Amino acid sequence: MKYSAIPTAQSIVLHCQAKNISNIVISPGSRNAPLTIAFAENPFFTCYSIVDERCAAFFALGMAQQLKEPVVVLCTSGSALLNYYPAVAEAYFSNIPLLVISADRPVYKLGIGDGQTINQRNVFENHIRYSVNLKQDVSHATPKVLRYRSEWLSDRDVNDVQQEVQNYNDGELNLALEIALTTNSPVHINAPFEEPLYETLSKPSISPQISAIPTNIDSVIDLEQHRNIWKTSVRKMVLVGVNTSNAIKDVILEKLANDPSVMVLTETTSNIHHPNFFNSIDSLVAPIEMHADTELEFKKLKPEVLITFGGLIVSKKVKAFLRNHAPEHHWHIGGQFANDTFFCLEEHIKVSVNDFFDEMYSDNMGLKSDYFSHWNLVKQNYEVKREAYLREIPFSDFLAFEHILASVPNDYMLQLANSSTIRYTQLFNVNPTLKVFCNRGTSGIDGSTSTAIGASIVNSTPTLFITGDLSFFYDSNALWNNFLKPDFRIIVINNNGGGIFRILPGKENSVVFETYFETRHTLSAEHLCSMYGFNYLTANSSEELEEELSTFFNETGRPQLLEITTPTLKNDKILIDYFRFIS
């Protein structure tokens with residue numbers, strides 16, 4: 001086992017080991033060599049080499065998403081660090097503990113025209129839970145310190161000054177790792193290293209001061225007032241955002257599902273299922289928008305009490321509805337942070353979701369209400385109409401998603417890209433044994449493939465990743481690694497551009513629209529599959545798609561990609577007509 005001769009590098013490694021942070025995603029470089037060597041030479045750590053820093057950060061994000069613990073992403077100095085920013089922002093808004101460690105040049109080599117230097121201090125300032133800028137060691141490369149920063153020593157003993165540096169760095173490392181572990185948030189550790197960078201020791205030369213992570217003590221909150229409001233409200237809406245599967249007790253789900261005064265609205269990423277829940281929110285709201293008396297119908301749907309839990313919400317329609325028809329009370333339950341998404345948040349109640357609903361249902365209310373029954377009839381109606389519509393339409397994005405989602409085997413992890421992919425999936429019933437994930441923190445198309453691959457390597461079940469063409473090609477470097485599992489599957493819906501822009505306001509058939517919004521193209525994934533060792537399959541019709549899907553998930557010894565080509569100029573009309581049809 002080898003340790004870097006640089007004390008700060010030793011400290012970082014020993015702090016990570018003491019906090020049981022063992023997964024390290026490394027991008028190559030020289031300035032980060034002290035840490036690369038120390039992590040890679042220590043059998044406690046599992047290291048992954050990913051060249052492209054943007055892909056590396058999303059790869060680590062996918063791992064942390066599944067493990068629910070910090071994963072390190074490590075890079076050299078300079079612009080390498082900036083490539084982490086999209087994943088850092090996603091981790092920040094999705095509450096994922098991404099631990100960014102960057103090597104830096106000594107402070108006296110910044111701003112003087114030295115190579116591969118940028119201002120790395122606090123570079124993620126607006127999208128990070130905590131930033132650490134460690135102090136440079138004075139016991140390493142001491143002649144250079146004396147030459148360029150003699151005031152750091154000022155005739156003092158080197159060992160005394162080094163101990164002060166050590167104490168400061170230990171304090172900052174303890175705090176940063178505590179924040180990452182207790183808030184499930186990204187943190188950034190920036191470490192300046194002076195050359196030489198490659199010297200090693202057989203054992204540590206320091207004994208860092210490592211503090212224990214404090215134990216969380218559940219706060220006791222008096223919910224009597226909330227329970228009284230809950231018991232007397234005849235229209236209660238529970239809206240679930242991004243959520244971990246099996247997080248909510250079955251007995252709670254049953255009580256919510258059988259309460260006549262409650263509507264539970266879920267999304268694909270909620271990972272909560274019950275026949276009485278409303279899992280296609282846009283299919284509920286869109287027909288009201290087209291109703292002859294929209295305002296009257298929205299008043300019927302408007303809840304007195306809105307309960308939210310989980311992460312961010314996908315549906316723009318439900319956001320617009322609740323912003324324009326605010327409930328009397330909106331409480332967000334659980335989690336470290338709460339968003340006032342609908343501009344009516346009354347309280348963030350920091351108790352577990354299970355404990356909250358246990359309290360709400362602590363006695364039998366026997367409340368009479370037709371809230372659920374009325375809207376359940378509406379749901380049953382649009383579900384029947386959806387099946388009828390699917391039998392009428394030609395091959396398209398809409399029909400492709402119906403075929404795909406009906407074919408996914410039990411217990412798969414389903415990773416979804418953003419834009420059209422997540423929105424189409426939201427319109428269908430998803431197999432309740434699937435665990436569904438999507439980068440909804442920033443909702444960007446960048447990094448979805450990398451996230452899915454990172455998630456897959458720490459998940460024991462097979463993974464299906466569904467993506468659009470632009471998102472897939474944008475992140476094609478995600479396939480450039482040695483960690484692809486043979487049971488990893490990708491389905492690319494290729495409609496030759498950004499099809500979502502055809503269903504958004506502002507669409508027009510013009511060269512400007514096709515070039516700068518839709519970004520039309522004629523690319524295929526075939527050559528990427530050949531380069532990266534994927535089996536490549538195609539489908540251009542319902543018949544071809546059903547045939548390919550019948551064997552797509554079989555064991556093949558190699559990852560597989562199915563590219564589905566759909567009609568660019570028909571998809572938007574078919575989707576818009578769906579909402580008209582069910583109305």
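Above this note sits the structure.
### Remarks on the sheet that holds strand E9 (residues 236-240)
- Ordered in space as E10-E9-E11-E12-E13, the five strands form an open sheet in which the pairing is parallel. Two strands bound the open sheet, and with one partner strand each, they are strand E10 (262-265) and strand E13 (347-349). Neighbour-to-neighbour, the strand axes of this sheet turn through a mean angle of 20°, independent of strand direction.
- Bridge analysis of strand E11 (residues 305-309) against strand E12 (residues 329-333) gives five bridges, and the strand direction is parallel.

### Examining the packing of aromatic side chains
- Evaluation of the coordinates by the stated rule reveals 28 aromatic pairs.
- Judged by centre distance (5.8 Å) and plane angle (65°), the ring pair of Trp 230 and Phe 357 falls under edge-to-face. Taken together, the positions of Trp 230 in helix H7 (residues 224-232) and Phe 357 in helix H12 (residues 353-360) put the pair 127 residues apart, joining distant regions of the chain.
- What makes Phe 357 buried here is its relative accessible area of 0%.
- Ring centres of Phe 356 and Phe 357 lie 5.1 Å apart, and the angle between their planes is 80°; this geometry places the pair in the edge-to-face category.
- Residue classification places Phe 356 among the buried residues on the basis of a relative accessible area of 0%.
- Taken together, the ring pairs in this structure connect Tyr 389, Phe 398, Phe 401, Tyr 424, Phe 428, Tyr 578, Phe 579 and Phe 581 into an aromatic cluster.
- Seen from the ring of Phe 337, Arg 129 lies directly overhead, with NZ or CZ sitting 4.0 Å from the centre.
- Of note, Lys 135 hangs over the ring of Tyr 168, and the distance from its end group to the ring centre comes to 4.5 Å.

### Topic: H12
- All of the buried residues along H12 are Val 353, Asn 354, Phe 356, Phe 357 and Met 360. With its buried residues spanning 160° around the axis, H12 presents them on a single face.
- In this structure, the buried residues of H12 make contact with H7, E9, helix H8 (250-257), E11, E12 and E13.

### What about the nonpolar core?
- One finds Leu 239, Leu 301, Phe 398, Leu 464, Ile 491, Leu 562 and Ile 564 to be the most contacted residues of the largest nonpolar core, which totals 63 residues.
- The contacts of Leu 239, once residues within four sequence positions are left out, are Leu 265, Ile 281, Leu 306, Ile 307, Thr 308, Phe 309, Ile 313, Val 318, Leu 322 and Phe 342.
- Core analysis: the second largest hydrophobic core is formed by 46 residues, Leu 61, Cys 75, Leu 484 and Ile 490 among them.

### Here we look at the side chain of Lys 236
- Of note, Lys 236 is situated in strand E9.
- It is Asp 259 that comes nearest to the buried, bridge-free Lys 236 among opposite-charge side chains, at 4.5 Å.
- There is a polar contact of 2.7 Å between the side chain of Lys 236 and the side chain of Ser 261.

### What to know about the pattern of salt bridges
- For the structure shown, the criterion picks out 14 salt bridges.
- Residue Arg 156 pairs with Glu 164 through a salt bridge whose shortest N-O separation is 2.5 Å.
- In this structure Arg 156 comes out as partly exposed when scored by relative accessible area, which is 39%.
- In this structure Glu 164 comes out as partly exposed when scored by relative accessible area, which is 41%.
- Connected through shared salt-bridge partners, Lys 109, Lys 144 and Glu 194 make up one network.

### Quick notes on the side chain of Asp 469
- Relative to the helices and strands, Asp 469 is located in helix H17 (residues 469-474).
- For the buried Asp 469, no salt bridge is present, and the opposite-charge side chain at shortest range is Arg 520, 8.4 Å distant.
- Within the structure, Asp 469 has its side chain in polar contact with the side chain of His 521 (distance 2.7 Å).

### Looking at the environment of Gly 366
- Within the secondary structure layout, Gly 366 lies in the loop between H12 and helix H13 (371-392).
- Looking at Gly 366, the relative accessible area reads 71%, which means it is exposed.
- Residues Gly 366 and Asp 259, 107 residues apart in the sequence, show an inter-C-alpha distance of 9.0 Å.

The rules behind each value
- Residues numbered from 1 in each chain as written.
- Predicted model: local features only at pLDDT ≥ 70, side-chain atom pairs only at ≥ 80, totals over all residues.
- Heavy atoms only, no water.
- Pairing = 2+ DSSP bridges.
- Helix = DSSP H or I, 4+ residues; strand = E, 2+ residues; numbered from the N terminus.
- Axes fitted to C-alpha atoms, helices over the stretch in contact; angles between N-to-C directions.
- Phe/Tyr/Trp six-rings, centres within 6.5 Å; stacked < 30°, edge-to-face > 60°.
- Buried < 20%, exposed > 50% of the residue type's maximum accessible area, 1.4 Å probe, protein only.
- Lys NZ or Arg CZ within 6 Å of the ring centre and 35° of its normal.
- Arc of directions from axis to C-beta.
- Contact = heavy atoms within 4.5 Å.
- Core = buried A, V, L, I, M, F, W, Y, C linked by side-chain atoms within 4.5 Å.
- Lys, Arg positive; Asp, Glu negative; His and termini not counted.
- Salt bridge = Lys/Arg side-chain N within 4 Å of Asp/Glu carboxyl O.
- Polar contact = N/O pair within 3.5 Å; in protein donor to acceptor, adjacent residues only side chain to side chain.

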